[in-house]
Structure formats: structure tokens, C-alpha cells
Amino acid sequence: LDCGAGDGRVLEALTSGAKYAIEKAQPLIHAMANDIFIVGTEFTEQTLIDKKVDVVFSNPPYSDFSQWACKIIEEANASYIYLVIPQRWEKDRNIEHAIEARSSASTVLGEFNFLEADRRARAKVHIVRIDLCSRHNEWSQRPKTDPFDVWFEKHFHLDIHNTEHSKYSVFN
């Protein structure tokens, strides 16, 4: 799944299996290969929890990279995430908390800039891999922390063990 897939060239270059994309620009969608399946158009209005894939990739808009990275890290129902994000991500507390919430770790695979790219940018970026999986046996990998659990805790903040009615709770 490529979030902000552009014209799909990353999916085409890196994926031989099923290809899924979230992209809102109609000209870019029309430029994509026919084997790319569009699962959404407006990234911020999507949920990723219900989109089970092996890998999530994103080269998000750098003006919103923190919001995109946190959403992807918290919601990805995948084994791995690859992000192309500004180097300043390393000091971003929100991203740090999202990685912690998923009981995961990040690895910087490389760094580069876009000074000579088709769309020039002054940003120095890292390619970051976030390993969400935990090997239970040779044949399967599951996320260490279920993205639904992270989403539920973030949105409901229930402390059922300290409530007056906790002895009646179905969670006991």
C-alpha cells in the first residue's frame, strides 16, 4: 500500500504482487498502471486498520510528514512500514510516541536529498523502516501490537480497572 502514491512508479518499481494506493490527484491516478487498485483518495479521511497488507510505503508531503507518519505507524495493518521523511523526524515526539505505542523500532536505511530530483526540494530526508511484526513461527508474521488496540486506546482512554462499576465490567 502506497499512501500518497503519485503516479504509482514506486509501486511498479518495488512490488511484483498486489498493489494498492491512496492518491487524490486525478491526473496521477489516471497515469497509474492498470494493476494498481485505488483504496482511497483523501489520506486523512482513510483508516488503514482495515487494509491488511505486507508493506505500507509513503513519501508524504513534508509540510504534513509528522501527521502522516503518526497515522501510518498507529494504523498500519502490515508487517513493515517504509517512510521517506525529513531528517527532523528523529526529534518528533509524536512519531516517537507512535512507534512506542506499536512496540516497534525504527531503522534509518539511508539518507539523501531532492536537490536534483524531478520535483526539487531542499529537504534532507531519511528512508526509515519500521518493523511492526513479531515472528511467531517461520510461516507467519503478526504485528507486535494490533493497530485496532492502539486506535481504541487513543480515542477512548478507558480505565476500566479504576471505575466504581469495574466489578461489573465484562473485561474482568
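Quantities reported herein were computed from a predicted structural model and do not represent experimental measurements.

## Considering the overall build of the chain
- When you go through the chain residue by residue, the secondary structure sums to five helices and nine strands.
- Reading the helices (α) and strands (β) of the chain from amino to carboxyl end gives β-α-β-α-β-β-α-β-α-β-β-β-β-α.
- In the chain, buried positions account for 38% of the 172 residues.
- Across the chain, the fraction of contacts at a sequence separation of at least 24, relative to all contacts at a separation of at least 6, is 57%.
- Accessible area for the chain stands at about 10900 Å²; split by element, carbon and sulfur atoms hold 51% of it.

## Description of the packing of helix H3 (residues 65–75) against helix H4 (residues 93–101)
- Relative orientation of the contacting elements H3 and H4 amounts to 5°, with a least axis distance of 9 Å. As summarised for this structure, H3 and H4 are arranged roughly parallel, according to the angle between their axes. Only Asn-94, Ile-95, Ala-98 and Ile-99 of H4 make contact with H3, whose side of the interface consists of Phe-65, Ser-66, Ala-69, Cys-70, Ile-73 and Glu-74.
- Among the residues making up the contact of H3 with H4, the classes are represented as seven nonpolar, two polar and one charged.

## A few points about the packing of aromatic side chains
- Across all of its chains, the model carries two aromatic pairs by this definition.
- Between Tyr-20 and Phe-37 the ring centres are 6.3 Å apart and the planes differ by 85°, which places this aromatic pair in the edge-to-face class. Here Tyr-20 is found in strand S2 (residues 19–22), whereas its partner Phe-37 is found in strand S3 (residues 36–40), with 17 residues between them in sequence.
- Centre to centre, the rings of Phe-43 and Trp-68 are 4.0 Å apart; their planes meet at 20°, and the pair counts as stacked. With Phe-43 in the loop between S3 and strand S4 (55–58) and Trp-68 in helix H3, this pair connects stretches of sequence that are 25 residues apart.
- Taking relative accessible area as the criterion, Phe-43 reaches 2% and is therefore assigned buried.
- Residue class for Trp-68 comes out buried when judged on its relative accessible area of 11%.
- Looking at Lys-71, its charged tip hangs above the ring of Phe-43, at a distance of 5.8 Å from the centre.

## Some points on the side chain of Glu-75
- Locating Glu-75 in the fold gives a position in helix H3.
- On the basis of relative accessible area, Glu-75 is assigned to the buried category, the value being 11%.
- Within polar-contact distance, the side chain of Glu-75 engages the backbone nitrogen of Leu-48 at 2.9 Å.
- Here Glu-75 is in contact with Gln-46, Thr-47, Leu-48, Ile-49, Arg-102 and Pro-147, once residues within four sequence places are set aside.

## Let's talk about the nonpolar core
- Core analysis: the biggest nonpolar cluster contains 25 residues, and Cys-3, Val-56, Ile-72, Ile-73 and Ile-81 have the highest contact counts within it.
- Only H3, strand S5 (80–86), H4 and strand S7 (121–131) provide two or more residues apiece to this core.
- Considering each element in turn, this core owes the most residues, six residues, to H3.
- Dropping the residues within four chain positions of it, Ile-72 is found in contact with Cys-3, Phe-43, Leu-48, Val-56, Ser-58, Ile-81 and Leu-83.

## Quick notes on the side chain of Glu-23
- By the element assignment, Glu-23 lies in the loop between S2 and helix H2 (26–31).
- Although Glu-23 is buried, it forms no salt bridge, and the closest oppositely charged side chain is Lys-24 at an N-O distance of 7.4 Å.
- A distance of 3.3 Å separates a polar atom in the side chain of Glu-23 from the backbone nitrogen of Ala-5.
- If we ignore the near neighbours within four places in the chain, the residues touching Glu-23 are Gly-4, Ala-5, Gly-6, Leu-28, Ile-29, Met-32, Gly-40 and Thr-41.

## Structural notes on a nonpolar patch on the surface
- Together, Phe-148, Phe-152 and Phe-156 make up an exposed nonpolar region whose accessible area comes to about 270 Å².
- Tracing the backbone shows Phe-148 in helix H5 (residues 147–156).

What counts, and where the lines are drawn
Residues numbered from 1 in each chain as written. Predicted model: local features only at pLDDT ≥ 70, side-chain atom pairs only at ≥ 80, totals over all residues. Heavy atoms only, no water. Helix = DSSP H or I, 4+ residues; strand = E, 2+ residues; numbered from the N terminus. Buried < 20%, exposed > 50% of the residue type's maximum accessible area, 1.4 Å probe, protein only. Contact = heavy atoms within 4.5 Å. Areas by Shrake-Rupley, 256 points an atom, 1.4 Å probe, with all protein chains shown as cover. Axes fitted to C-alpha atoms, helices over the stretch in contact; angles between N-to-C directions. Parallel < 35°, antiparallel > 145°, perpendicular 65-115°, else oblique. Nonpolar A, V, L, I, M, F, W, Y, C, P; charged D, E, K, R; others polar. Phe/Tyr/Trp six-rings, centres within 6.5 Å; stacked < 30°, edge-to-face > 60°. Lys NZ or Arg CZ within 6 Å of the ring centre and 35° of its normal. Polar contact = N/O pair within 3.5 Å; in protein donor to acceptor, adjacent residues only side chain to side chain. Core = buried A, V, L, I, M, F, W, Y, C linked by side-chain atoms within 4.5 Å. Lys, Arg positive; Asp, Glu negative; His and termini not counted. Salt bridge = Lys/Arg side-chain N within 4 Å of Asp/Glu carboxyl O. Patch = residues over 30% accessible without salt bridge, like charges linked within 9 Å, V, L, I, M, F, W, Y side chains within 5 Å.

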